[in-house]
Amino acid sequence: MVFSSHLFVYYFLPAALFVYYALPRRARHLWLTTASYAFYGWANPAFMGLMLLSTLIDYVCGWRLGASPRDERRPRAWLAVSLVSNLSLLGFFKYFNFAVDSYAALLTGLGLERLRPDVGLRVVLPLGISFYTFQSMSYTFDIYRGRTKPLKNIVDFACYVSLFPQLVAGPIIRFSEIADQLRHRTHTTEKFARGAAFFSLGMAKKVLLANPCGFVADAAFDAVSLPPLDAWAGVLAYAFQIYFDFSGYSDMAIGLGLMLGFVFPKNFDSPYHAESLTDFWRRWHISLSTWLRDYLYHPLGGNRKGPRRTYVNLAIVMLLGGLWHGAAWNFVVWGGIHGVWLAMERAMGKRSLYRRLPRPGRVALTFVGVLVTWVFFRAPDLAAAGRYLSAMAGLAEVRPGAALVGHFFSEPYYVLSLVIAAFVTWGCPQTWDWSRRLTLTRGALALGCLALSLVAMASQGYNPFIYFIF
Amino acid sequence: MIERAKESREEQAMREAGCTRVRPGVARALTSAFLLLLASVATLEIRRDVSKESGTPWPELVAAPVAAWKNTFGSGAFEGNRRLLIAKNDFEDALEERSIVAAAALPGVQWALTRLLGAGNAQVVVGRKGWLYFRPAVDYLTGPGFLDPRVLDRRTAGGKAWAPPPRPNPLPAIADFAAQLAERGIGLVVIVTPVKAALHPEGLAPVLSRDVLPIENPSFAPFLDKLADLEIPAFSPAERLARTIRAKSWPQFLRTDTHWTPQAMEDAAENLVRFLARHVPLPGRNPVFYSRREVGVQGRGDLTKLLRLPDGERLFGSESVLIRPVMGPGNAPWTPDPNADVLVLGDSFTNIYSQSELGWGECAGFAEQLSYFLHRPVDKVAVNAGGPAAARERLVSMAAGGEDRLAGKRLVILQFSARELASGDWKLVDLSPARRASTIAAPIRRPEHGAPARGFVAWESWRSGEWRIWTRRLEGSAPRQLTPDEPGLQHCCPHISPDGSKIVYLSRSAPAGEYPEEASGDLRLLRMDGGGERTLVRDARPYEWGNRAATWRNERKLIYIGADKRTHLLDVDTAESSRLTAEPEEKMPWLIDPTLRHAVNGSPAFSRYDAGERRVVEARRRPGCEPYFSQDGSFGFWVAGGGGPIRWIDLRTRAVGTWIEKDDRRIHDAQRYVYFPMLSRDGRMLAFSASPGDHDHFQSNYDVFVAPVDPGSLALLGRPLRFTAHPASDRYPDVHVEALDLERWKREAPPIGGPAPIKAPLATGEPFEMRAVLQSCSRAPSLREISPYRAALIVCEWKAAQVLFGRPPGDRLRIAHWALRDGERQPIVSLRQNSVARLRVEPLSGVSQIEGYPIFNDLPADPDLPIHYSRGPD
């Protein structure tokens, strides 16, 4: 089930909220867990068992970790059980096909086709597995590190892992960030109202901006050939699509959380305002970048082991971060480029040329760089990414069919969508700041955006869900 | 990377989100308005569904978990889960189709978006100057090649979780269809109808020169080339229509409809007739002269309807065309003739101007025009929605009901829209009559992603009533008789030259039903294109107990057995011959391997040949027959017993291994009685024949199979695939491989096999009326599934409670009802199990109203329950 669907907006959400508030407090987590499993199982009921398994393993591990004194060896074993089981689930369901295909391609490349494994099994990727395994692992990590205590009630823990607002598209809520709220949180009209505003603006970002931009991006990336300007327009449209889609979903998640009394941390902080790639990663998908920082970069040694090791660590983290986004080589390349770029920025420090540029120049340069790397993120494979970059550089052959794609870049509706997207990106405050003070006018504006989004949702059939690979 | 902030993210969040500055009244108002906005829609929709019994999707959703649970016990958890996925998907589709927000807002919003911003929707692209385009058709032109392996893989992987993976490659389906038709002596011609933007891009790209027309998908030319390789004639009218545009500027497509103009269609029909005359000569018959008259027709394009603009809007007006309905003898309107020898299988491009429901007149469609230009009656089966397999599936349903529209046909013309090449599900459709799954023979060769091998098989076949040599491409072409008819003479012992350019065979006078004792005959050489035939030797013969008569030593030198029972070496260019064995054998003459080291005489002894002495040192005999050698002489192979196994022997170490066991489970269970092994000259492909269990080499249903072999390890790679399917005996195959992708074979092999669906016959008989109890219904498709069309039928099962008129054929009845008409869900969709309704039932076969519409049927197969038709329940 996706937030921007008739079923969720008009049926699931009102029903979930109504029952939630109708129940006594002690029954609310059980209801939230049930509703979340229904929400998750809607995509494929078979996946519910997997999430339940992950939940049970980490609950037991957390419980054993909490029961063992920290100086014993046993806690480490329980942490290992948690990590191995979660990473095994993630590894098998997300990376099995990728590993088999890559191994086969490698053998073919080496001329050893005869040794290729004859694997008929193709694994279906369970929705949101990257999000909930990371969340679940953070629970045992945080208990192991002594940052928090285990939950006594398994329902509370299952509620944390499966919480539908952030289950399939994030943000990744670490247990330590929400532990206290699971034990006690307030429900106020102010929170609910702000949640409604968040949800409304998030929905508008998704339906009114991300979807039309996605339509243009799809036309460009699905085309076999493009003139250079159209190729640039296509990747620009994709940059807006992924930003508004992802941040729109995050806003809706935060809004839904507020409606249920939870306060989730910020996940996007105007990333296209970034002055460098380092700055970009402080602003883009913050819940993932901080998770990788705290649970991967720091354990690897972070920047404590000298500059070279720091660069290597950055590259490793970004490569794995790329792979987290999708099991394909183009994501590895995307992560690799970001890793090298981050390492270069760190190595050059303030001596770099673009540190000396005026702020708009730095923002523009960073944006263009990010834009180029988005090609690897959006293209279906490395070869297609190469073709697209060639088209952007004007090096690709332009077939007659390319002229047809040009229509989408000149149609007033899509041009207007891109212009509004650019205006909202660089000219409007972000949802967090805008909704901090809610007046009647702002409330009406938010609801107006929601109404417009709902009408658009009903009238436009195009409503992609781009997180199925995450 | 992010440096740790002093304030934790949770604290920051609590500070920023947990402390909102809002007055309590505003907060309450915003909360109330938000909840009201969302809940009001659900309330209104539920209220509507409660008050109006029909069309609501809720009962199906509520019943789905129970049904899924039952299926879990019956067919396993995966099946239960699949049922649940289908139910929830259908529910969500129905909910969105019935949305009151969509109903209230869509026409107005769409009008504003189209009028002010030129926006279409997910299916319609609004071009300049009133041109509308179907989005999938534009994507076909702008997208990557539809035969690109990566595209095929992505499309296969991108299917629905609850449905079998789609088959994106059109070539195997077309090749398979051609092969099945060829088994019945019917030819196939393909006509690919271009899409609108290929010829009229001006609405999208006004600056594009007409010189580049027609625009095509990058894979289109290779697709036509591959069809040519498969020996399937393909006609593409695009180039001709583009020439008309360049020369006369006449529109070839309707502005607001997906289809071609009547003039373009007539032009295509006329040129197809010329194409047929060049490529597929039809048997002569007395010409039938049809007449035509001109009729003006005004219609509203299907793309305008897909935009769902307000009723009566004038943004896109109606269009006028001049159609020419075809009249038969006696000025009767043209109708399809089931007795015609030409059948048009098509989609809505065939039905437009023919089917009045499409809104553009009748009797003037593609089949009608073809009939007019051919001067002969033509039969037609065309389905508007359901993808490229729909017409073939309809053909099968009709045949199962006793209406075999392939009977008496000489030519099938398969028409489909070019966009289906990139978006259609090219399912393989078994044309054989309805039968129980357990009796279904092995599926015929059906490569998935192009052929794993290029090359051909040649074999002896009794299918024409004489033993002749037949051939078929490994890529899947139609079987072709290679050797000419020679009354009274039987052809045997085909053996392909190492380069695959020619074949030798024996033509002899022999009884057709047994191996002759001493029958020698002409050893002939023939090119694989059927030409250049010449007799090499007048008196050659095979070895004992089998039809193997020669080995190629190299491209020029041929080893054969003479009628004198000596073995000879022949230069096929100079006709010089020398004896390889000095003395004639008393009983069993020798066939010697290409390296002149070993010899066999019908018994698999693999004796040593002494070239110096020109004699064979006979080794101990082994049980079995039909021995032969690899081209490099390193190993031999034979059948070690009746029906198998097929064994190989390393001639250096004498180690023995098995390729195919008797009743080998890697072969489809219907045909595991194996005989007649032969290896390709490169050692990478084994050919053999197998029957369902009968030994008789002359009367049994042997079919030819091939299986890839690793020439290094001699391991059999992948499961054997069947290459012939004729009931007559197909035996003694030889195989030539031009290129073999063993890895692809390995990937492809596992899906082969499994039961084919049982066909549901269409009912015939008399109408009747009854009161009946609904037992179960097939799922109704969503509008998205049948887009751009808006009507479809579903099959439901009823139990007769009271007969009101006529005589139903039984208590249990399967009836097709309209599920969608003009985009509206019909009452049957929401009728619950055990509902009672009064039904006026008529046989489905012959109901003209349903012609061209897809019938969705996912009820458990039962060939004993033919499908009837009822407009109701009312």
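Counting restarts for each chain, with residues numbered from 1 along the sequence as it is written. To read the labels, note that chains go from A and ligands from 1, taken in the order they are written. The predicted nature of this model means local features are confined to residues of pLDDT at least 70 and side-chain atom pairs, given and counted, to a pLDDT of 80 or more, with totals for whole chains, interfaces and linings taken over all residues. Side-chain measures were taken over the full set of non-hydrogen atoms in the model, leaving aside hydrogen atoms and water.

Of the regular secondary structure elements, chain B holds 19 helices and 43 strands. With respect to the principal axes defined by its C-alpha atoms, chain B has extents near 115 × 85 × 65 Å. Every accessible area reported is derived by Shrake-Rupley at a probe size of 1.4 Å, with residue values counting cover from the shown protein chains alone. Of the accessible surface of chain B, which amounts to about 34,600 Å², a share of 51% is contributed by carbon and sulfur atoms. Only four residue types enter the charge count, namely Lys and Arg as positive and Asp and Glu as negative; His and the chain termini do not. Charge placement uses NZ in Lys and CZ in Arg. For Asp and Glu, CG and CD serve respectively. Computed over 114 positive and 107 negative side-chain charges, the inter-centroid distance for chain B is 4 Å. Helix numbers and strand numbers start at the N terminus; a helix is a DSSP run of H or I with at least 4 residues, a strand a run of E with at least 2.

Attention now moves to the overall build of chain A. Within chain A, the regular secondary structure consists of 19 helices and one strand. Taken against the 2.2 N^0.38 rule, which gives 23 Å for 470 residues, the C-alpha radius of gyration of chain A at 23 Å falls within 12% of a compact globule. Reported as C-alpha extents along the three principal axes, the dimensions of chain A are approximately 65 × 60 × 50 Å. The rule is simple: take the accessible area with a 1.4 Å probe, protein chains only, and divide by the maximum for that residue type; under 20% is buried, over 50% is exposed, in between is partly exposed. Relative to its 470 residues, chain A shows a buried fraction of 60%. Considering only contacts within chain A whose residues lie at least 6 apart along the sequence, 78% involve residues at least 24 apart. Of the roughly 17,400 Å² that chain A leaves accessible, carbon and sulfur atoms contribute 66%. With 44 positive and 25 negative side-chain charges, chain A shows a separation of 9 Å between the mean positions of the two kinds. Two things to know: the radius of gyration comes from C-alpha atoms, and the globule rule equals 2.2 Å times the number of residues to the power 0.38. Pairs of residues are marked as contacts when any of their non-hydrogen atoms sit within 4.5 Å.

This part covers the packing of helix H1 (residues 6-22) of chain A against helix H2 (residues 24-51) of chain B. A fitted line through C-alpha atoms serves as each axis, taken over the contacting stretch for helices, and the angle formed by two N-to-C directions is quoted from 0 to 180°. Direction vectors running N to C along H1(A) and H2(B) enclose 110°, while the axes themselves pass 9 Å from each other. Regarding the angle of H1(A) to H2(B), the classification is roughly perpendicular. Here His6(A), Val9(A), Tyr10(A), Tyr11(A), Leu13(A), Pro14(A) and Leu17(A) of H1(A) come into contact with H2(B), specifically with Phe34(B), Leu35(B), Leu37(B), Leu38(B), Ala39(B), Val41(B), Ala42(B), Glu45(B) and Ile46(B). Grouping the constituent residues of the contact of H1(A) with H2(B) by class yields 14 nonpolar, one polar and one charged. Convention used here: angles under 35 degrees read as roughly parallel, angles over 145 as roughly antiparallel, angles from 65 to 115 as roughly perpendicular, and any remaining angle as oblique. Under the convention adopted here, Pro, Cys and the residues Ala, Val, Leu, Ile, Met, Phe, Trp and Tyr are nonpolar, Asp, Glu, Lys and Arg are charged, and Gly plus all remaining residues are polar.

With that settled, consider the domain arrangement of chain B. Here chain B is partitioned into domain 1 (169-428), domain 2 (453-740) and domain 3 (768-869). What fixes the domain bounds is an automatic or database domain assignment. On a C-alpha basis, the centres of domain 1 of chain B and domain 2 of chain B stand 45 Å from each other.

With that settled, the discussion passes to the interface of chain B and chain A. Listed per partner, the contact involves 83 residues of chain B and 95 residues of chain A. Buried area is a sum: the accessible area each of two parts loses on coming together, probed at 1.4 Å, counted once for each and added. Counting each side, the surface lost to burial between chain B and chain A is near 7,700 Å², with a carbon and sulfur contribution of 65%. When a carboxyl oxygen of Asp or Glu is within 4 Å of a side-chain nitrogen of Lys or Arg, the pair counts as a salt bridge. Counting across the interface, chain B meets chain A through two salt bridges. A salt bridge links Asp381(A) to Arg150(B), with the shortest nitrogen-to-oxygen separation between them at 3.5 Å. For the purposes of these results, a polar contact is taken to be a pair of N or O atoms within 3.5 Å, where, inside protein, one atom must be able to donate a hydrogen and its partner to accept one; residues adjacent in sequence count only when each atom of the pair is a side-chain atom. At the boundary of chain B with chain A, the tally comes to 13 residue pairs in polar contact (both at pLDDT 80 or more). The element contributing the most residues to the side of chain B that touches chain A is H2(B), with 16 residues. Class assignment of the residues belonging to the side of chain B that touches chain A gives a composition of 47 nonpolar, 15 polar and 21 charged. For two strands to be treated as a pair, DSSP must find no fewer than two bridges joining them. Here two bridges tie strand S1 (residues 437-438) of chain A to strand S1 (residues 21-22) of chain B, and the two strands are oriented parallel to one another. Residue pairing in the sheet places Leu438(A) in a bridge with Val22(B) of S1(B).

On to the domain arrangement of chain A, then. Residues and elements named next belong to chain A. Taken domain by domain, chain A consists of domain 1 (6-184) and domain 2 (191-459). Computed over C-alpha atoms only, the centres of domain 1 and domain 2 are separated by 25 Å. Contact residues are listed per partner, giving 37 residues for domain 1 and 37 residues for domain 2. Looking at the side of domain 1 facing domain 2, the largest losses of area belong to Phe 98, Pro 171 and Arg 174, adding up to 18% of the total buried there. Close ionic contact of Arg 174 with Asp 294 constitutes a salt bridge, the shortest N to O distance being 2.5 Å. Remark: the boundary between domain 1 and domain 2 carries 13 residue pairs in polar contact (both at pLDDT 80 or more). Of all elements in the fold, only H1, helix H2 (25-41), helix H4 (74-109), helix H5 (129-144) and helix H7 (175-183) reach the threshold of two or more residues within the side of domain 1 that touches domain 2. Of all the elements, H1 adds the most residues to the side of domain 1 that touches domain 2, at eight residues. Taken together, the residues that form the side of domain 1 that touches domain 2 break down as 23 nonpolar, eight polar and six charged.

We now examine the nonpolar core. In terms of nonpolar packing, the biggest core is built from 269 residues, with Phe8(A), Trp374(A) and Phe223(B) touching the most fellow members. Among the elements that make up this core, the one with the highest residue count is helix H8 (residues 189-222) of chain A (18 residues). Non-local contacts of Phe223(B), meaning those with residues more than four positions away in its chain, are made with Phe146(B), Leu147(B), Pro170(B), Leu171(B), Ile174(B), Val192(B), Phe416(B) and Leu421(B). Of all hydrophobic cores here, the second largest spans 36 residues; its members include Trp638(B), Ile646(B), Tyr675(B) and Ala707(B). Put simply, buried Ala, Val, Leu, Ile, Met, Phe, Trp, Tyr and Cys residues joined by side-chain atoms within 4.5 Å make one nonpolar core.

So, about the packing of aromatic side chains. Residue and element names in this part refer to chain A. Between 30 and 60 degrees the pair is tilted, below 30 it is stacked and above 60 it is edge-to-face, where a pair is any two Phe, Tyr or Trp rings, Trp via its six-membered ring, whose centres lie within 6.5 Å. The final tally for this structure, using the stated rule, is 84 aromatic pairs over all chains. Ring centres of Phe 8 and Phe 12 lie 5.5 Å apart, and the angle between their planes is 25°; this geometry places the pair in the stacked category. In this pair, Phe 8 and Phe 12 both sit in helix H1, four residues apart, roughly one turn of the helix. Criterion for a charge above a ring: Lys NZ or Arg CZ within 6 Å of the ring centre, and within 35 degrees of the ring normal. Positioned above the aromatic ring of Tyr 20, the side-chain terminus of Arg 28 is 5.0 Å from the ring centre.

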